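# Descriptive analysis of the structure
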Amino acid sequence: MTRTGDTFRDKLEQSQMTLIDLRTTSYGGRSFFATQPIARGTHIFACEAPFAHVIYKDYRREVCAQCFAYAASTFRSISDPRTWSIKSCRAAAESVWFCTDECKIAWESGMIGPLIADANALLAKAQITTRKKFKNGRLGYDSTDPILPNGPTAHIMTQDHIDKAWAHAEDLVSSRARLSSYCSTMNLEDTELEISRSVTSAIVHRYVFDYHLTDLPVSSIIATPDPWAEVLRLQTASSRTFACGLTFSWRIYHLRLYVPTIRNVLVRDTGNAFGIWDGDSRDEMLGWGLWVGASYFNHSCCPNVKKTRVGRAMHFTTSSSVETGEELCISYIDIDQTITQRRQELEDSWFFKWLLETNPPKK
């Protein structure tokens, strides 16, 4: 968030800027590098909040909407309640829960959280309405999309298919009547709804920035006052990943505004988002989020940086000493897995291959 004055956070950000720098790598893309020797245990970077995020439906009563604290965490006493009891019940908005009254006050006094809850309530209502139509037989389950491939060749999707589908979507939202008719036939699956919710949070963030409704966190190291510009600088997914995102997102165009934003978020979300976990444990993935600055940390199976979520913020600390000019890397996966398991997870979840046997893989 943009601030004035010589605050502690200002001083911390200035010290981080002297320690690391964002550079183009020799193998493509950009990454953080050390500008001077850095001792182990040094805090080098932080992202205050995700630009887009979603908490899975099954965890919403267990995860605080403000700080992402998990009620059923293994770090809590077994006698503690497994869901949060403090609830916000604003009219026509999605119900959300909090771990403390302080978190509830912080969330309700802000603008972004309530706006996201309002939009999510509309998404849930749309899903319920169309499911009732399918259940009552007013809509069939065998409808096909006029643009995307169907039948035996449905898995074959070219860039041309993708571009035509997005062009058709932009044309569709130009007519309120046609958009309303199209959306009334949707039968959103739960996974599609989760993706819709994540994209909705990104649209809300862009909306409040565009209309100067509130300040948003930006990274001083990336050096731009525009958080959306930060998003657009992220590496985009391949056509294969793009196709997966489009398959899910094609039917969510009751999000009328910011149609190009939807496409831009989806092609960057897949390879840049982080899971929201129960602390450092990878046993319970509660949702996912797009922490933009954090996405510039590449992967290594021999990482020199550790990632830790503290509330909504993502903090990065060196796990070993680092020399000047050395790339700063985290691990995207469980590095205790076998080489075969690591290679497979990197390809399945992060869409890049580990090709060199003698060197740790980099994104």
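Whatever comes next refers back to the structure up there.
These lines cover the structure that appears in this document, whether it is placed above or below. On a predicted model such as this, the values are computed, not experimentally measured, just so you know.

Cut-offs applied
Residues numbered from 1 in each chain as written. Predicted model: local features only at pLDDT ≥ 70, side-chain atom pairs only at ≥ 80, totals over all residues. Heavy atoms only, no water. 1 Å grid on protein atoms, 1.4 Å probe; cavity = no way out; pocket = protein on both sides within 12 Å on 5 of 7 lines; lining within 4 Å. Points joined across faces, edges and corners; volume = space filled by probe spheres on them. Nonpolar A, V, L, I, M, F, W, Y, C, P; charged D, E, K, R; others polar. Axes fitted to C-alpha atoms, helices over the stretch in contact; angles between N-to-C directions. Helix = DSSP H or I, 4+ residues; strand = E, 2+ residues; numbered from the N terminus. Parallel < 35°, antiparallel > 145°, perpendicular 65-115°, else oblique. Left-handed = near helix turned anticlockwise from the far one by under 90°. Contact = heavy atoms within 4.5 Å. Buried < 20%, exposed > 50% of the residue type's maximum accessible area, 1.4 Å probe, protein only. Polar contact = N/O pair within 3.5 Å; in protein donor to acceptor, adjacent residues only side chain to side chain. Salt bridge = Lys/Arg side-chain N within 4 Å of Asp/Glu carboxyl O. Patch = residues over 30% accessible without salt bridge, like charges linked within 9 Å, V, L, I, M, F, W, Y side chains within 5 Å. Areas by Shrake-Rupley, 256 points an atom, 1.4 Å probe, with all protein chains shown as cover. Pairing = 2+ DSSP bridges.

### Quick word on empty space enclosed by the protein
Applying the stated criterion to the full structure yields one cavity of 30 Å³ or more. Approximately 30 Å³ is the volume found for the largest cavity. The wall of the largest cavity is formed by Lys 57, Arg 60, Asp 190, Leu 193 and Glu 194. Class assignment for the residues of the lining of the largest cavity results in one nonpolar, no polar and four charged.

### Here's the deal with the packing of helix H4 (residues 159-172) against helix H9 (residues 259-272)
Orientation of H4 relative to H9, taken along the N-to-C sense of each, is 150°, at an axis distance of 10 Å. Classified by the angle their axes make, H4 and H9 are roughly antiparallel. Two packed elements cross with a definite hand, and for H4 against H9 that hand is right-handed. Mapping the contact onto sequence places Gln 159, Ile 162, Asp 163, Trp 166 and Glu 170 in H4 and Val 259, Pro 260, Ile 262, Arg 263 and Leu 266 in H9. Considering only residue class, the contact of H4 with H9 consists of six nonpolar, one polar and three charged.

### What to know about the side chain of Thr 25
Structurally, the position occupied by Thr 25 is in the loop between strand S1 (20-24) and strand S2 (30-34). Residue Thr 25 is classed as buried on the basis of its relative accessible area, which comes to 7%. In contact with Thr 25, not counting residues within four places along its chain, are Arg 30, Ser 31, Phe 33, Asn 298 and Glu 327.

### What about the environment of Asn 120?
Position of Asn 120 among the secondary structure elements: in helix H3 (residues 112-135). Residue class for Asn 120 comes out buried when judged on its relative accessible area of 4%. Apart from the residues within four sequence positions on either side, Asn 120 is in contact with Glu 94, Arg 197 and Thr 200. Polar contacts involving the side chain of Asn 120 include one to the side chain of Glu 94, which spans 3.4 Å.

### Some thoughts on the pattern of salt bridges
Pairs can form between side chains of opposite charge whenever their charged atoms are close. The tally for this structure, following the rule as stated, stands at eight salt bridges. Note that Glu 94 is salt-bridged to Arg 197, the shortest N-O span being 2.4 Å. In this pair, Glu 94 is assigned in the loop between strand S5 (86-88) and strand S6 (96-98) and Arg 197 in helix H6 (residues 190-210), connecting sequence segments 103 residues apart. The exposure class assigned to Glu 94 is buried, which follows from its relative accessible area of 16%. Salt-bridge contacts for Lys 164 lead to Asp 160; the nearest nitrogen and oxygen are separated by 3.4 Å. One end of the pair is Lys 164 and the other is Asp 160, both in helix H4 and four residues apart, which spans about a single turn. The structure contains a network of salt bridges with shared partners spanning Arg 60, Glu 94, Glu 194 and Arg 197.

### Thoughts on a nonpolar patch on the surface
Among the surface-exposed residues, Met 111, Tyr 207, Tyr 211 and Leu 213 lie close enough to one another that they form a single nonpolar patch of about 370 Å² accessible area. Relative to the helices and strands, Tyr 211 is located in the loop between H6 and helix H7 (227-232). With relative accessibility at 52%, the residue Tyr 211 sits in the exposed group.

### Regarding the pairing of strand S10 (residues 305-310)
As judged from the six bridges shared by S10 and strand S11 (residues 313-318), these two strands associate in the antiparallel manner. Counted as the bridge partner of Val 305 is Thr 318 from S11. In this structure, the hairpin formed by S10 and S11 is closed by a connection of two residues, where Gly 311 is found at a positive phi of approximately 65°.

### Re the environment of Gly 110
Here Gly 110 is to be found in the loop between helix H2 (101-109) and H3. For the pair formed by Gly 110 and Thr 214, sequence separation is 104 residues and the distance between their alpha carbons is 8.6 Å.

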